[in-house]
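# Close look at the chain arrangement
Each chain, written out:
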2 protein chains.
Amino acid sequence: METITKTKLNSNAQAVLHIVLEAHNHPTALEIYEAVKTVRPNMGLASVYRILHSLAEQGYIREIGRDEEGNRYDGNTSRHDHAVCTNCGALLDVPVDVHVPADALEQAARAAGIELGSYEVRLYGLCPSCATRTE
Amino acid sequence: METITKTKLNSNAQAVLHIVLEAHNHPTALEIYEAVKTVRPNMGLASVYRILHSLAEQGYIREIGRDEEGNRYDGNTSRHDHAVCTNCGALLDVPVDVHVPADALEQAARAAGIELGSYEVRLYGLCPSCATRTE
DNA sequence: ATGGGTGCAAATCCTTTGCATCTGC
DNA sequence: GCAGATGCAAAGGATTTGCACCCAT
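Quick notes on the rules
Residues numbered from 1 in each chain as written. Chains lettered and ligands numbered in written order. Predicted model: local features only at pLDDT ≥ 70, side-chain atom pairs only at ≥ 80, totals over all residues. Heavy atoms only, no water. Helix = DSSP H or I, 4+ residues; strand = E, 2+ residues; numbered from the N terminus. Buried < 20%, exposed > 50% of the residue type's maximum accessible area, 1.4 Å probe, protein only. Contact = heavy atoms within 4.5 Å. Buried area = accessible area lost by both parts, 1.4 Å probe. Salt bridge = Lys/Arg side-chain N within 4 Å of Asp/Glu carboxyl O. Polar contact = N/O pair within 3.5 Å; in protein donor to acceptor, adjacent residues only side chain to side chain. Arc of directions from axis to C-beta. Pairing = 2+ DSSP bridges. Axes fitted to C-alpha atoms, helices over the stretch in contact; angles between N-to-C directions. Near = heavy atom within 4 Å. Domains from an automatic or database assignment. pLDDT = per-residue confidence, 0-100. Phe/Tyr/Trp six-rings, centres within 6.5 Å; stacked < 30°, edge-to-face > 60°. Lys NZ or Arg CZ within 6 Å of the ring centre and 35° of its normal.

This part is about the environment of C85(A). Residue and element names in this part refer to chain A. Turning to its location among the elements, C85 is positioned in strand 3 (residues 81-85). Residue class for C85 comes out buried when judged on its relative accessible area of 3%. Spatially, the C-alpha atoms of C85 and E22 are 22 Å apart, while their sequence positions differ by 63 residues. When near neighbours in sequence (up to four residues on either side) are disregarded, C85 contacts A90, G125, L126, C127 and C130.

This is how it looks when you write it as C-alpha coordinates:
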(Lines give C-alpha, C1' and ligand atoms only; values in the text may rest on other atoms or scores of the structure.)
Protein backbone atom coordinates (compact mmCIF):
# COMPACT_ATOMS: atom_id res chain seq x y z
CA MET A 1 0.00 0.00 0.00
CA GLU A 2 1.61 3.20 -1.18
CA THR A 3 0.90 6.43 0.65
CA ILE A 4 2.19 9.33 -1.38
CA THR A 5 0.98 12.73 -0.34
CA LYS A 6 2.19 15.56 -2.49
CA THR A 7 2.14 18.77 -0.56
CA LYS A 8 2.39 22.20 -2.11
CA LEU A 9 6.02 23.14 -2.68
CA ASN A 10 7.44 26.39 -1.42
CA SER A 11 9.73 28.42 -3.63
CA ASN A 12 12.95 26.86 -2.37
CA ALA A 13 11.64 23.38 -3.03
CA GLN A 14 10.48 24.45 -6.46
CA ALA A 15 13.93 25.79 -7.25
CA VAL A 16 15.55 22.49 -6.25
CA LEU A 17 12.97 20.47 -8.14
CA HIS A 18 13.58 22.58 -11.22
CA ILE A 19 17.29 21.86 -11.14
CA VAL A 20 16.76 18.12 -10.84
CA LEU A 21 14.15 18.04 -13.59
CA GLU A 22 16.36 20.01 -15.97
CA ALA A 23 19.47 17.97 -15.24
CA HIS A 24 20.06 15.36 -17.91
CA ASN A 25 22.69 13.62 -15.84
CA HIS A 26 22.00 12.23 -12.38
CA PRO A 27 23.29 14.92 -10.07
CA THR A 28 24.49 14.44 -6.53
CA ALA A 29 23.21 16.58 -3.69
CA LEU A 30 26.36 18.66 -3.89
CA GLU A 31 25.94 19.28 -7.59
CA ILE A 32 22.34 20.27 -7.06
CA TYR A 33 23.42 22.58 -4.28
CA GLU A 34 25.97 24.28 -6.53
CA ALA A 35 23.40 24.72 -9.26
CA VAL A 36 20.75 26.05 -6.90
CA LYS A 37 23.16 28.57 -5.43
CA THR A 38 23.30 30.44 -8.73
CA VAL A 39 19.59 31.13 -8.32
CA ARG A 40 19.36 31.39 -4.52
CA PRO A 41 22.84 32.31 -3.31
CA ASN A 42 22.00 32.06 0.36
CA MET A 43 20.39 28.66 0.44
CA GLY A 44 22.30 26.27 2.68
CA LEU A 45 23.45 22.77 1.88
CA ALA A 46 21.41 21.32 4.73
CA SER A 47 18.24 22.71 3.21
CA VAL A 48 19.07 21.12 -0.11
CA TYR A 49 19.40 17.76 1.62
CA ARG A 50 16.15 18.26 3.50
CA ILE A 51 14.33 19.35 0.37
CA LEU A 52 15.70 16.47 -1.70
CA HIS A 53 14.47 13.98 0.88
CA SER A 54 11.04 15.47 0.99
CA LEU A 55 10.80 15.67 -2.81
CA ALA A 56 11.79 12.01 -3.06
CA GLU A 57 9.33 11.02 -0.37
CA GLN A 58 6.54 12.77 -2.19
CA GLY A 59 7.43 11.15 -5.48
CA TYR A 60 8.55 14.27 -7.30
CA ILE A 61 12.00 12.83 -7.87
CA ARG A 62 13.76 9.57 -7.20
CA GLU A 63 16.89 8.57 -5.33
CA ILE A 64 18.87 6.18 -7.47
CA GLY A 65 21.57 4.75 -5.26
CA ARG A 66 24.93 6.00 -4.17
CA ASP A 67 28.35 5.85 -5.63
CA GLU A 68 31.67 7.22 -4.41
CA GLU A 69 30.40 10.74 -5.04
CA GLY A 70 27.29 10.30 -2.93
CA ASN A 71 23.59 9.82 -3.43
CA ARG A 72 22.28 10.55 -6.91
CA TYR A 73 18.89 11.89 -7.90
CA ASP A 74 16.75 11.40 -10.96
CA GLY A 75 14.03 13.73 -12.16
CA ASN A 76 12.55 11.00 -14.30
CA THR A 77 10.22 9.11 -12.01
CA SER A 78 8.78 6.78 -14.60
CA ARG A 79 10.19 3.29 -14.85
CA HIS A 80 13.41 3.20 -16.80
CA ASP A 81 16.75 1.49 -16.80
CA HIS A 82 20.31 2.60 -16.21
CA ALA A 83 23.76 1.85 -17.52
CA VAL A 84 26.84 2.09 -15.34
CA CYS A 85 30.32 2.53 -16.74
CA THR A 86 32.58 0.02 -15.06
CA ASN A 87 35.57 2.21 -15.77
CA CYS A 88 34.61 5.78 -14.82
CA GLY A 89 31.43 5.12 -12.88
CA ALA A 90 29.21 7.24 -15.12
CA LEU A 91 25.52 6.58 -14.63
CA LEU A 92 23.52 6.88 -17.84
CA ASP A 93 19.86 6.56 -18.69
CA VAL A 94 18.90 3.77 -21.03
CA PRO A 95 16.66 5.54 -23.54
CA VAL A 96 14.64 2.45 -24.36
CA ASP A 97 12.81 0.10 -22.06
CA VAL A 98 14.51 -3.22 -21.48
CA HIS A 99 11.55 -5.47 -21.73
CA VAL A 100 11.56 -8.15 -19.07
CA PRO A 101 8.77 -10.71 -19.42
CA ALA A 102 6.20 -10.23 -16.66
CA ASP A 103 6.15 -13.89 -15.76
CA ALA A 104 9.93 -13.93 -15.30
CA LEU A 105 9.62 -11.01 -12.90
CA GLU A 106 6.82 -12.62 -10.96
CA GLN A 107 8.60 -15.90 -10.70
CA ALA A 108 11.76 -14.17 -9.48
CA ALA A 109 9.84 -12.13 -6.92
CA ARG A 110 8.18 -15.26 -5.64
CA ALA A 111 11.51 -17.04 -5.43
CA ALA A 112 13.06 -14.11 -3.54
CA GLY A 113 10.04 -13.92 -1.29
CA ILE A 114 9.24 -10.30 -1.94
CA GLU A 115 6.07 -8.49 -2.86
CA LEU A 116 7.10 -6.94 -6.14
CA GLY A 117 6.65 -3.21 -6.50
CA SER A 118 8.92 -2.25 -9.37
CA TYR A 119 12.13 -3.27 -11.02
CA GLU A 120 15.08 -1.90 -12.92
CA VAL A 121 17.66 -3.36 -15.26
CA ARG A 122 21.23 -2.22 -14.78
CA LEU A 123 23.65 -2.60 -17.64
CA TYR A 124 27.36 -2.66 -16.85
CA GLY A 125 29.97 -1.87 -19.43
CA LEU A 126 32.10 0.86 -20.93
CA CYS A 127 30.64 4.25 -21.71
CA PRO A 128 31.56 5.81 -25.08
CA SER A 129 34.54 7.80 -23.88
CA CYS A 130 35.98 4.98 -21.79
CA ALA A 131 35.46 2.51 -24.63
CA THR A 132 37.52 4.56 -27.07
CA ARG A 133 40.15 5.38 -24.47
CA THR A 134 40.60 1.68 -23.71
CA GLU A 135 40.38 0.16 -27.17
CA MET B 1 39.21 -5.71 -22.45
CA GLU B 2 39.26 -7.09 -18.92
CA THR B 3 42.54 -7.34 -17.07
CA ILE B 4 42.07 -9.44 -13.97
CA THR B 5 45.23 -10.62 -12.31
CA LYS B 6 44.69 -12.82 -9.30
CA THR B 7 47.67 -12.67 -7.02
CA LYS B 8 48.32 -15.14 -4.25
CA LEU B 9 46.47 -14.13 -1.11
CA ASN B 10 48.20 -13.78 2.21
CA SER B 11 46.58 -15.14 5.33
CA ASN B 12 44.82 -11.92 6.27
CA ALA B 13 43.27 -11.64 2.83
CA GLN B 14 42.23 -15.28 3.01
CA ALA B 15 40.53 -14.69 6.32
CA VAL B 16 38.57 -11.77 4.91
CA LEU B 17 37.69 -13.68 1.77
CA HIS B 18 36.45 -16.57 3.85
CA ILE B 19 34.10 -14.34 5.81
CA VAL B 20 32.62 -12.85 2.65
CA LEU B 21 32.23 -16.22 0.97
CA GLU B 22 30.51 -17.72 4.00
CA ALA B 23 28.19 -14.77 4.54
CA HIS B 24 24.74 -15.42 3.15
CA ASN B 25 23.73 -11.80 3.48
CA HIS B 26 25.62 -8.95 1.83
CA PRO B 27 27.86 -7.66 4.59
CA THR B 28 29.24 -4.16 4.88
CA ALA B 29 32.93 -3.52 5.51
CA LEU B 30 32.16 -2.93 9.18
CA GLU B 31 30.31 -6.21 9.51
CA ILE B 32 33.14 -8.04 7.83
CA TYR B 33 35.57 -6.33 10.14
CA GLU B 34 33.61 -7.45 13.20
CA ALA B 35 33.48 -11.01 11.92
CA VAL B 36 37.15 -11.09 11.05
CA LYS B 37 38.10 -9.82 14.46
CA THR B 38 36.87 -13.03 16.09
CA VAL B 39 39.55 -14.86 14.11
CA ARG B 40 42.26 -12.19 14.00
CA PRO B 41 41.65 -9.92 16.95
CA ASN B 42 44.34 -7.44 16.06
CA MET B 43 43.49 -6.79 12.44
CA GLY B 44 42.65 -3.14 11.86
CA LEU B 45 39.66 -1.73 10.04
CA ALA B 46 41.85 0.00 7.49
CA SER B 47 43.36 -3.32 6.49
CA VAL B 48 39.90 -4.77 5.97
CA TYR B 49 39.08 -1.91 3.63
CA ARG B 50 42.35 -2.32 1.76
CA ILE B 51 41.89 -6.07 1.47
CA LEU B 52 38.28 -5.77 0.32
CA HIS B 53 39.32 -3.41 -2.44
CA SER B 54 42.03 -5.67 -3.62
CA LEU B 55 39.81 -8.75 -3.49
CA ALA B 56 37.16 -6.95 -5.53
CA GLU B 57 39.76 -5.74 -8.02
CA GLN B 58 41.01 -9.25 -8.51
CA GLY B 59 37.52 -10.63 -8.97
CA TYR B 60 37.39 -12.73 -5.83
CA ILE B 61 34.36 -10.84 -4.58
CA ARG B 62 32.11 -8.10 -5.86
CA GLU B 63 31.07 -4.70 -4.59
CA ILE B 64 27.33 -4.37 -4.98
CA GLY B 65 26.48 -0.76 -4.35
CA ARG B 66 26.04 1.27 -1.23
CA ASP B 67 23.14 1.98 1.01
CA GLU B 68 22.85 4.06 4.18
CA GLU B 69 25.02 1.50 5.98
CA GLY B 70 27.85 1.68 3.49
CA ASN B 71 29.29 -0.38 0.68
CA ARG B 72 28.13 -3.99 0.53
CA TYR B 73 30.06 -7.00 -0.69
CA ASP B 74 28.99 -10.20 -2.34
CA GLY B 75 30.93 -13.44 -2.37
CA ASN B 76 28.90 -14.71 -5.28
CA THR B 77 30.67 -13.38 -8.36
CA SER B 78 28.54 -15.16 -10.92
CA ARG B 79 25.76 -13.22 -12.58
CA HIS B 80 22.68 -13.02 -10.42
CA ASP B 81 19.96 -10.60 -9.48
CA HIS B 82 18.98 -8.77 -6.33
CA ALA B 83 15.85 -7.68 -4.56
CA VAL B 84 15.73 -4.55 -2.45
CA CYS B 85 13.11 -3.98 0.23
CA THR B 86 11.68 -0.51 -0.25
CA ASN B 87 10.72 -0.39 3.41
CA CYS B 88 13.70 -1.64 5.41
CA GLY B 89 16.38 -1.57 2.73
CA ALA B 90 17.22 -5.27 2.97
CA LEU B 91 19.24 -6.53 0.02
CA LEU B 92 18.38 -10.10 -0.94
CA ASP B 93 19.65 -12.49 -3.56
CA VAL B 94 17.18 -13.60 -6.17
CA PRO B 95 17.68 -17.38 -6.21
CA VAL B 96 16.63 -17.78 -9.83
CA ASP B 97 17.94 -16.02 -12.89
CA VAL B 98 15.68 -13.36 -14.30
CA HIS B 99 15.99 -14.17 -17.93
CA VAL B 100 16.32 -11.05 -20.07
CA PRO B 101 16.30 -11.74 -23.81
CA ALA B 102 19.75 -11.18 -25.27
CA ASP B 103 18.46 -9.03 -28.09
CA ALA B 104 16.68 -6.72 -25.65
CA LEU B 105 19.95 -6.28 -23.77
CA GLU B 106 21.92 -5.60 -26.90
CA GLN B 107 19.41 -3.13 -28.21
CA ALA B 108 19.39 -1.30 -24.88
CA ALA B 109 23.18 -1.21 -24.71
CA ARG B 110 23.31 0.17 -28.22
CA ALA B 111 20.71 2.79 -27.36
CA ALA B 112 22.60 3.82 -24.24
CA GLY B 113 25.84 3.87 -26.18
CA ILE B 114 27.73 1.48 -23.96
CA GLU B 115 29.80 -1.57 -24.64
CA LEU B 116 27.88 -4.14 -22.66
CA GLY B 117 29.81 -6.18 -20.14
CA SER B 118 27.20 -7.55 -17.79
CA TYR B 119 23.82 -6.72 -16.37
CA GLU B 120 21.66 -7.17 -13.32
CA VAL B 121 17.96 -7.00 -12.61
CA ARG B 122 16.93 -5.25 -9.41
CA LEU B 123 13.52 -5.99 -7.97
CA TYR B 124 11.99 -3.46 -5.60
CA GLY B 125 9.26 -4.38 -3.18
CA LEU B 126 8.50 -5.51 0.33
CA CYS B 127 10.53 -8.23 1.96
CA PRO B 128 8.63 -10.94 3.87
CA SER B 129 8.82 -9.29 7.29
CA CYS B 130 7.95 -5.84 6.03
CA ALA B 131 5.08 -7.21 3.96
CA THR B 132 3.39 -8.82 6.94
CA ARG B 133 4.10 -5.83 9.18
CA THR B 134 2.46 -3.52 6.65
CA GLU B 135 -0.46 -5.60 5.48
C1' DA C 1 68.04 -5.33 3.10
C1' DT C 2 64.01 -4.49 0.93
C1' DG C 3 59.30 -4.12 -0.61
C1' DG C 4 54.91 -4.97 0.67
C1' DG C 5 51.50 -5.44 4.28
C1' DT C 6 49.82 -3.67 8.72
C1' DG C 7 47.91 -0.99 12.81
C1' DC C 8 46.87 3.17 14.52
C1' DA C 9 45.37 7.74 14.36
C1' DA C 10 44.29 11.61 11.84
C1' DA C 11 42.08 13.37 7.94
C1' DT C 12 38.24 13.46 4.37
C1' DC C 13 33.94 13.40 2.50
C1' DC C 14 28.99 13.03 2.46
C1' DT C 15 25.10 13.51 5.26
C1' DT C 16 22.41 14.58 9.35
C1' DT C 17 21.14 17.19 13.35
C1' DG C 18 20.66 20.91 16.98
C1' DC C 19 19.30 25.24 17.54
C1' DA C 20 18.15 29.92 17.18
C1' DT C 21 15.98 32.61 13.77
C1' DC C 22 12.93 33.83 10.18
C1' DT C 23 8.61 33.43 7.23
C1' DG C 24 4.18 32.93 5.59
C1' DC C 25 -0.34 32.51 6.82
C1' DG D 1 1.28 34.22 17.11
C1' DC D 2 2.67 29.74 15.52
C1' DA D 3 4.06 25.89 12.82
C1' DG D 4 7.10 24.86 9.61
C1' DA D 5 11.25 26.08 6.92
C1' DT D 6 16.01 27.82 6.99
C1' DG D 7 21.09 28.84 7.72
C1' DC D 8 24.92 27.87 10.15
C1' DA D 9 27.89 25.15 12.64
C1' DA D 10 28.77 21.04 14.88
C1' DA D 11 28.23 16.17 14.98
C1' DG D 12 28.13 11.59 12.86
C1' DG D 13 29.48 7.74 10.13
C1' DA D 14 31.91 5.48 6.37
C1' DT D 15 36.12 5.39 4.05
C1' DT D 16 40.89 6.80 3.03
C1' DT D 17 45.51 8.10 3.97
C1' DG D 18 50.06 9.14 6.30
C1' DC D 19 53.40 7.04 8.62
C1' DA D 20 56.28 4.27 11.30
C1' DC D 21 56.90 -0.53 12.02
C1' DC D 22 57.12 -5.39 11.06
C1' DC D 23 57.49 -9.51 8.28
C1' DA D 24 58.66 -12.63 4.73
C1' DT D 25 61.53 -13.26 1.06
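Attention now moves to the interface of chain A and chain B. Interfaces are often sized by the amount of accessible area the parts lose when they come together. The interface of chain A with chain B comprises 36 residues on the first partner and 36 residues on the second. With both chains or domains summed, chain A and chain B bury close to 2,900 Å², and 66% of this area falls on carbon and sulfur atoms. Considering only the surface of chain A that becomes buried against chain B, R66(A), I114(A) and Y124(A) emerge as the three largest contributors, covering 19% of it. Summed over the shared surface of chain A and chain B, the number is zero salt bridges. Scanning the region where chain A abuts chain B turns up ten residue pairs in polar contact (both at pLDDT 80 or more). Of all the elements in the fold, those that place two or more residues in the side of chain A that touches chain B are strand 1 (62-67), strand 4 (91-94), helix 4 (102-112), strand 5 (115-126) and helix 5 (128-134) of chain A. Take the side of chain A that touches chain B: its biggest share by element is twelve residues, from strand 5 of chain A.

The next subject is helix 4 (residues 102-112) of chain B. Buried within helix 4 of chain B are the following residues: A104(B), L105(B), A108(B), A109(B) and A112(B). Projection of helix 4 of chain B onto a plane perpendicular to its axis shows the buried side chains occupying an angular sector of 130°, all on one side. In helix 4 of chain B, the exposed positions angled more than 90 degrees off the buried face are occupied by D103(B) and R110(B). Elements that come into contact with the buried residues of helix 4 of chain B comprise strand 3, strand 4 and strand 5 of chain A together with strand 5 (115-126) of chain B. G113(B) lies just past helix 4 of chain B and shows a positive phi near 80°.

Here we come to the sheet that holds strand 3 of chain A. Taken in spatial order, the six strands line up as 4(A)-3(A)-5(A)-5(B)-3(B)-4(B) in an open sheet, and their pairing is mixed. Strands at the two margins of the open sheet, each flanked by one partner only, are strand 4 of chain A together with strand 4 (91-94) of chain B. With strand direction ignored, the average angle separating the axes of adjacent strands in the sheet is 30°. Against the sheet, helix 4 of chain B engages strand 3, strand 4 and strand 5 of chain A together with strand 5 of chain B, with an angle of about 120° to strand 4 of chain A.

In the region of DNA strand C, 18 residues are neighbours, and Y49(A), N71(A), N12(B), M43(B) and S47(B) sit closest. When the atoms of DNA strand C within 4 Å of the protein are sorted by group, sugar and phosphate make up 72%. Note that a phosphate oxygen of DNA strand C is positioned 2.6 Å from one of the backbone N or O atoms of N71(A). Between R50(B) and DNA strand C, the recorded distance is 2.9 Å, taken from a side-chain N or O atom to a base nitrogen.

Moving on, we come to the domain arrangement of chain A. Residue and element names in this part refer to chain A. In terms of domains, chain A is made up of domain 1 (7-78) and domain 2 (79-135). A C-alpha centroid distance of 23 Å is found between domain 1 and domain 2. Domain 1 puts nine residues into the contact, and the matching count from domain 2 is eight residues. For the domain 1 and domain 2 pair, buried surface summed over both sides reaches about 630 Å², with 46% attributable to carbon and sulfur atoms.

Here the focus is the confidence of the model for chain A. Residue-level pLDDT values for chain A average 93, and 96% of them are 70 or greater. For chain A, per-element mean pLDDT is lowest for helix 5 of chain A, which scores 83, and highest for strand 2 (residues 70-74) of chain A, which scores 98.

In total, this model carries zero aromatic pairs over all chains according to the counting rule given. Lying over the aromatic face of Y119(A), R79(A) brings its terminal NZ or CZ to 4.1 Å of the ring centre.

Bringing the protein's contact with DNA strand D into the picture now. Close to DNA strand D lie 19 residues, the nearest being N12(A), S47(A), Y49(B), H53(B) and N71(B). Here the atoms of DNA strand D within 4 Å of the protein split so that 71% fall in sugar or phosphate, with bases taking the remainder. Within the backbone of N42(A), a nitrogen or oxygen atom sits 2.8 Å from a phosphate oxygen of DNA strand D. If you list the elements that add at least two residues to the surface near DNA strand D, you get helix 3 (45-57) of chain A together with helix 2 (29-37), helix 3 (45-57) and strand 2 (70-74) of chain B. With five residues, the single largest contributor to the surface near DNA strand D is helix 3 of chain B.

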